Amino acid sequence: MATRKPAVKSLTVAKSPATASDADRIEVRKTYKLYIGGAFARTESGRSYLVSGADGSPLANANRASRKDLRDAVRAARKGFSGWADRTAMNRGQVLYRVAELMEGRRDQFAEEVRQAEGVSVARAREITLRAIDRWVWYAGWADKIAQVLGASNPVAADYFNFTIPEATGVVGIVASETSSLLGLVSRLAPPLVTGNAVVVLASETRPLPAITLTEVLGTSDVPAGVVNVLTGRKRELVPVLAAHVDIDALDVWGVPDELRTDTELAAADSVKRIARRPRGVTDARFDWLDDRASERPEWIAAYLEMKTVWHPIGV
Amino acid sequence: MRLMATEQSRLLPWSGDRAAAGWGLGDGQAIPWEYAPAPESRDVVTIRSRYGLFIDGREVQASDGGVFSTVNPATEEIIAEVAKATPADVDRAIRAARRAQKTRWGSLPGRERAKYLFRIARLLQERSREFAVLETMDSGKPIKESRDVDVPLAAAHFWYYAGWADKLEYAFPGRVARPLGVAAQVIPWNFPLLMLSWKIAPALAAGNTVVLKPASTTPLSALLFAEVCRQADLPAGVVNIIPGPSDIGMHLVSHPGVDKVAFTGSTAVGKLIQRAVAGTDKGLTLELGGKAANIVFEDAALDQAVEGIVNGIYFNQGEVCCAGSRLLVQESIAETITEKLKDRLGTIRVGDPLDKNTDVGAINSRAQLEKITELVAAGVAEGADMYQPACDLPDRGYFFRPTLFTNVAQSHRIAKEEIFGPVLSVLTFRTPDEAVEKANNTPYGLSAGVWTEKGSRILWMARKMRAGVVWANTFNRFDPTSPFGGYKESGFGREGGMHGLHAYVRLEDR
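About the criteria used
- Residues numbered from 1 in each chain as written.
- Chains lettered and ligands numbered in written order.
- Predicted model: local features only at pLDDT ≥ 70, side-chain atom pairs only at ≥ 80, totals over all residues.
- Helix = DSSP H or I, 4+ residues; strand = E, 2+ residues; numbered from the N terminus.
- Rg over C-alpha atoms; globule rule 2.2 N^0.38 Å.
- Buried ≥ 20, exposed ≤ 12 C-beta atoms within 10 Å, placed from the backbone.
- Contact = placed C-beta atoms within 7 Å.
- Pairing = 2+ DSSP bridges.
- Right-handed = clockwise from strand over helix to strand, strands pointing away.
- Core = buried A, V, L, I, M, F, W, Y, C linked by C-beta atoms within 7 Å.
- Axes fitted to C-alpha atoms, helices over the stretch in contact; angles between N-to-C directions.

Enquirer: Residues and numbers for the overall build of chain A, please.
Expert: Helices and strands together make up the secondary structure of chain A, namely 11 helices and 12 strands. Taken over C-alpha atoms, the radius of gyration comes to 21 Å for chain A, in line with the 20 Å a tight globule of 316 residues would show. Along the three orthogonal principal directions, the C-alpha set of chain A runs to about 85 × 40 × 35 Å. Counting over 316 residues, chain A shows a buried share of 50%. Long-range pairs, those at least 24 residues apart, make up 77% of the contacts in chain A with a sequence separation of at least 6.

Enquirer: Outline the overall build of chain B, listing residues and values.
Expert: Within chain B one finds 17 helices and 20 strands. The globule rule puts the C-alpha radius of gyration for 510 residues at 24 Å, and the 23 Å found for chain B is close to it. Principal-axis analysis of the C-alpha atoms gives chain B an extent of 70 × 50 × 35 Å. Buried positions account for 58% of the 510 residues belonging to chain B. Contacts spanning at least 24 positions in sequence make up 73% of the contacts within chain B whose residues lie at least 6 apart.

Enquirer: Just give me the short version of the pairing of strand E10 (residues 260–264) of chain B, but keep the residues and values in it.
Expert: All names here are of chain B. Most of E10 sits out of view: 5 of its 5 residues are buried. Side chains Lys260, Ala262 and Thr264 of E10 all project onto a buried face; the interleaved residues Val261 and Phe263 project onto the opposite face, where all are buried too. Where strand E7 (residues 182–186) and E10 come together, 4 bridges link them in parallel fashion. Bridge pairing in E10 places Gln185 opposite Ala262. The pairing of E10 with strand E11 (residues 283–287) spans 5 bridges and is classified as parallel. Each bridged residue has a counterpart across the sheet, and for Lys260 the counterpart in E11 is Gly283. What joins E10 to E11 is helix H10 (residues 267–276), and the crossover it makes is right-handed.

Enquirer: Go over the sheet that holds strand E1 (residues 50–51) of chain B with me, naming the residues and quoting the values.
Expert: Paired through their backbone hydrogen bonds, the strands of a sheet run either parallel or antiparallel. All names here are of chain B. Strand order in the open sheet formed by 3 strands is E1-E5-E4, with mixed pairing between adjacent strands. Only two strands of the sheet have a single neighbouring strand rather than two, namely E1 and strand E4 (67–72). As paired elements, E1 and strand E5 (residues 77–83) share 2 bridges and run parallel to each other. Bridging across to E5, Arg50 finds its partner in Glu81.

Enquirer: How would you explain the nonpolar core if you had to name every residue and give the values?
Expert: Proteins that are soluble and globular tend to have nonpolar side chains buried together. Membership of the largest hydrophobic core comes to 191 residues, with the highest contact counts inside it found for Val201(A) and Leu117(B). Of all the elements, helix H5 (residues 143–164) of chain B adds the most residues to this core, at 11 residues. Setting aside residues no more than four positions away along its own chain, Val201(A) makes contact with Ile174(A), Ala176(A), Leu189(A), Ala211(A), Val228(A), Asn229(A), Val230(A) and Leu231(A). In terms of nonpolar packing, the next biggest core, distinct from the first, is built from 72 residues, Ala305(B), Val306(B), Cys322(B) and Ala384(B) among them.

Enquirer: Residues and numbers for the sheet that holds strand E17 (residues 447–451) of chain B, please.
Expert: Within the open sheet, the 10 strands sit side by side as E5(A)-E6(A)-E12(A)-E18(B)-E17(B)-E12(B)-E13(B)-E16(B)-E15(B)-E14(B). Their pairing is mixed. Of all strands in the sheet, those with a lone pairing partner are strand E5 (152–153) of chain A together with strand E14 (385–387) of chain B, marking the two edges. For E17(B) and strand E18 (residues 469–472) of chain B, the ladder comprises 4 bridges, and the chain directions are parallel. Residue Ser447(B) lies in a different strand from E18(B), and its bridge partner there is Val469(B). Where helix H12 (residues 334–345) of chain B meets the sheet, its contacts fall on strand E12 (293–296), strand E13 (326–330), E14, strand E15 (403–406) and strand E16 (423–429) of chain B, and the angle it forms with E15(B) comes to roughly 165°.

See the structure below:
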């Protein structure tokens, strides 16, 4: 890899404060990979792109995923879906809570990556990180309650027992927020996940590194392999493939660049995908992810649920 | 019908000297007696020779004066001429709906909106026989069904949603539900009045106004509904009805002046409509096609199951998006079920939809009849075994015999494509897992049926079905309180129940 992009040599990754004793030590740098089917994989295309911090300084090379990687991710998600959806609701809630637990332990690392990626102050980066952790907790708690809020027993006008229960839609494609590299991602990732959907995420193109670090948490927090898959790369290249893939049931177009949105939704129509959009009048760049009321919504969970209604006669 | 020739050559014509005991043994013989005609009177409804559009509370002609004819599919006679909406009429209707939403309906307190909807429900009940006869004449469905299913359910829908109009805050706890504005609604020809009620009732309850395009072969009940709106003194522009061809429907849903689009119809058209709203902020709900599996386990109550299978596929001539068109029978009982079905088919009465004894009426249009005929021919050509009972069909009109295919493979067109006609494909399975796999092996996911006496298996199957409605030991039941809608390419969003409100509101913080 290093031979292809000379710029890599000048990278400065999140450094811990140097002490006298590490002055001579050469730092071990991290390779940022894709996350497909529970494995940290390099793109099959062998391509990468340079990711710079908000201040313009180079941070690392990220994989530039190909359409083949995307198809692999969808296949992994489909495989992961049934097992995840079949878990008990309480179990899924515990797994999401576990993600929060592990993020808490690495919060300084996340805060530093968010600071570099988004160019915010240390205090702000810390606030964003802690809120991302808390958001997992908020959505985790919905796992075994959403069916009671959105489900129903229906008093039909005949002798039938009739009830409606929500079920996960299936495989969800998420085009993540371009600006909010961690909190925006978590806020849109947790809602489909908590009810049993499997997801394929296209991370922020310009700020992908926190998403990849998040996959390291997911990989060690009992989220089954394939349930979350994360790709980095060019949205212009990958969004059309994601939108047109027939084995994706729903699409979150939140982070789709405005100029691609219509074409994305046109492609999604060919397999009748459910489309989750930003609320009317909301822009990605201006959205306040720290506003709990705005980002913690049962409707965001409902966007990836199918209502199933079951009838049975009553009689002796 | 050319297709029947081979089959009929095998069938003996009924002659009066056959013993009564000889019928109904699965050999395809006709019933050895005839039912006296029991026609419903047409006089209960006054059908005019000409109908206009319903825009802004008034009946108006199309902007270019154009009309089209609507035909009784049972007689092929023209019933009436109907104004054919133009793009200019669509504009006019949307403007009227917008004005009504802004100036009156949107700000009317929920409890007052409710009373209008209750009025409409009552008027539909009061005029139920008119609607039933008109619906049957325009669509070809048996009077028994329009009278006992379509019209009462339509009234019940308005009744149900009327009560929600002033209780929206309880449907969306923690949120304030605001109307979206103007809803563009396009409905199919299989349940014209019922689909109208599914669309209009929740929209109005939530404070929206509507522009509705009925199907071009069945516009009359919607236009009679316009009369009900006037009788109810519904404010002008709250409901607008613009019959016309499908391109007018596309014009309507593509119009920048609408906030929400609701469509019931084929998956192919649904995709076009989803494309038409791509990149906009319009809300969208789609209720599309289906290819439902009706699964019968060996421990099922077989005679009840046979009734359910017949109701599942021959109800409304099979012109039902959720029809149980794929019968999956456990191998050990396949032969028994098939024989019982053949017997039962021999007792189905096909004919004059206005006859109160008719079970299967007329196919809605010549085009639909041709589509059914083509797919049935494909079934024969692909090697499935066809069975049809020897019933007489009327000389005129679009009729098709109840049809049963055995020896069907999953790859056959009749097992994959939505036929939208009285055609059942029988497939078999051995294990519950195989039943699940076959049932879900379709891009559709609207409904499914399960027949077994084992409770835990019912619930297991219900969980495994990727379908929006699961009927266990029953089929084709509908109720306004019961959400209806599909998984996968059968569409998204639900109609009916509290869930049906969701498509017509914007949620805001308190």
